[in-house]
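Survey of secondary and tertiary structure
Residue strings, one per chain:
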Amino acid sequence: MSQVKIIGPEVPNMPWQERDGEDHCSLPVYRYKENPIIGRNPIDGVARIFNSAVMPYEDGFIGVFRGEQTNGIPYIYLGKSKDAIHWDFEQQKIPFVDEEGNSFMPRYAYDPRLVKVEDTYYIIWCQDFYGAAIGMAKTKDFKTFVRLENPFIPFNRNAVLFPRKVNGNYILLSRPSDSGHTPFGDVFLSESPDLTYWGKHRHVMGRSAEWWESVKIGGGAAPIETSEGWLLFYHGVSSTCNGFVYSIGGAILDIDNPSIVKYRCSTFLLTPEEWYEERGFVPNVTFPCATIHDSKTGRIAIYYGAADTYVGLAFTTVDEVVSYIKDHSRVTESDTEVGRR
Ligand code: BMA
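First, a word on scope: everything that follows refers to the structure included in this document. (Residues numbered from 1 in each chain as written. Predicted model: local features only at pLDDT ≥ 70, side-chain atom pairs only at ≥ 80, totals over all residues. Heavy atoms only, no water.)

Quick look at the side chain of Arg48 now. Along the polypeptide, Arg48 turns up in strand E2 (residues 46–57). Within the buried core, Arg48 has no salt-bridge partner, and the shortest N-O distance to an opposite charge, that of Glu68, equals 4.4 Å. Beyond its immediate chain neighbours, meaning those up to four positions away, Arg48 contacts Arg40, Pro42, Arg66, Gly67, Glu68, Phe281, Asp308 and Thr309. (Helix = DSSP H or I, 4+ residues; strand = E, 2+ residues; numbered from the N terminus. Buried < 20%, exposed > 50% of the residue type's maximum accessible area, 1.4 Å probe, protein only. Lys, Arg positive; Asp, Glu negative; His and termini not counted. Salt bridge = Lys/Arg side-chain N within 4 Å of Asp/Glu carboxyl O. Contact = heavy atoms within 4.5 Å.)

In structure tokens, the structure reads:
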């Protein structure tokens, strides 16, 4: 039994592998030995799948996958799996409709997240809205996907919905950006009573003095509710003479006021080290988009895009990762304040 409690369902069939000692032992997160779990050319007309989100569904798992088509344009594809490791993909792009039932195909769609709030599943992604912005859709059955109002004006390319309302409102983390490969970026939070009108914007956390996340940060997987607060895996970016390096970081946000950061890990939890993270369309990228977690055992599986080419899987437990984050926490005033100026 874990000391720190995950608040959520039990997922006894979640993927799991014990650490065998060879991975980076001082860090609480270790890789699945058979990574990458999704290789090149996974669907006809799709060259690469990465930066994708999965969750339990019926007696198995379901996911929304960023598929880079052979024309170079990203789109979202649906996948199903019995074990959350071997995936069967729909050959066609997800066919969104608007609220009147008319077909809606974004010009491009990337970095999807998948979050269940109450009885509805939400997909949140980046799409063109006269510039890169956040797109959102809902489904109850993974057959009809109804596109919702765009929450924000451009530019914003990275958004993560919380798995439950907080103080009666939906909560979305996002990272306002520019139209290109933004060389800055902090995580902000916005609230909505109805998923149409967004406000009460707050600053959550900024890029930090730690070099691995000194350029920009962005929400990663949907936060996990725990007895210590919201456990957030996010990405932190550093700059080198050869481009950006994307690592995975961890923070714990206040449960009732998640714009307040309680703990923030000063070291990365995972950084590009393996061939599938260092070599690919964009080298040196580990980009978390989802977790599967089991409240009974405290096990957590992290799904991350690797080198904009593959999907990788890594493991930790809530006890190990929370205690590591707390032991290595360094928070600044801009983290711990409510974030309204
Ligand atoms: C970001 C996003 C991600 C991508 C990353 C590294 O700006 O576009 O989709 O994984 O860059 O290329």
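Around the ligand, the neighbouring residues are Asn51, Arg66, Asp111, Arg157, Tyr246, Val282, Val285, Phe287 and Asp308. A distance of 2.7 Å separates an oxygen atom of the ligand from a polar side-chain atom of Asp111. Protein burial of the ligand: of its 300 Å² of free accessible surface, 88% is covered by the chains. (Near = heavy atom within 4 Å. Polar contact = N/O pair within 3.5 Å; in protein donor to acceptor, adjacent residues only side chain to side chain. Areas by Shrake-Rupley, 256 points an atom, 1.4 Å probe, with all protein chains shown as cover.)

Before going further, it helps to spend a moment on the nonpolar core. Ile37, Trp87, Phe96, Leu114, Ile123 and Tyr303 are the most contacted members of the largest nonpolar core, which has 43 residues in total. Where this core is concerned, the elements lending two or more residues are E2, strand E3 (60–69), strand E4 (74–81), strand E8 (109–117), strand E9 (120–128), strand E21 (286–293), strand E22 (299–306) and strand E23 (310–317). Per-element accounting of this core gives the leading share, six residues, to E2. Ignoring any residue separated from it by four or fewer positions in sequence, one finds Ile123 in contact with Val64, Ile76, Ile94, Phe96, Pro112, Arg113, Leu114, Gly135, Met136, Ala137 and Phe145. Counting 32 residues, the second largest nonpolar core, distinct from the first, contains Ile124, Ile171, Leu232 and Tyr234. (Core = buried A, V, L, I, M, F, W, Y, C linked by side-chain atoms within 4.5 Å.)

Here we come to the packing of aromatic side chains. For the structure on display, the rule yields 23 aromatic pairs. Ring geometry for Tyr122 versus Tyr170: centroids 6.2 Å apart, planes at 70 degrees, classification edge-to-face. Of the two residues, Tyr122 sits in strand E9 while Tyr170 sits in strand E13 (residues 170–176), which places them 48 residues apart along the sequence. Summarising the burial analysis for this pair, Tyr122 and Tyr170 share the class buried. Aromatic pair Trp275 and Tyr310: ring centres 5.4 Å apart, planes at 80 degrees, arrangement edge-to-face. Residue Trp275 is found in helix H1 (residues 275–278), and its partner Tyr310 is found in strand E23; the two are separated by 35 residues along the sequence. Overall, the relative accessible area of 39% leaves Trp275 in the partly exposed class. According to the relative accessible area criterion, Tyr310 is buried, its value standing at 8%. (Phe/Tyr/Trp six-rings, centres within 6.5 Å; stacked < 30°, edge-to-face > 60°.)

Attention now goes to the sheet that holds E21. The sheet built from four strands is open, its strands ordered E1-E23-E22-E21 with antiparallel pairing. Because the sheet does not close on itself, it has two edges, and the strands there are strand E1 (30–31) and E21. Against the sheet, helix H2 (residues 318–327) touches E22 and E23, its axis set at about 85 degrees to E23. (Pairing = 2+ DSSP bridges. Axes fitted to C-alpha atoms, helices over the stretch in contact; angles between N-to-C directions.)

Mapped onto the elements of the fold, Thr182 is located in the loop between E13 and strand E14 (187–192). Apart from the residues within four sequence positions on either side, Thr182 is in contact with Arg157, Ser177, Lys216 and Phe244.

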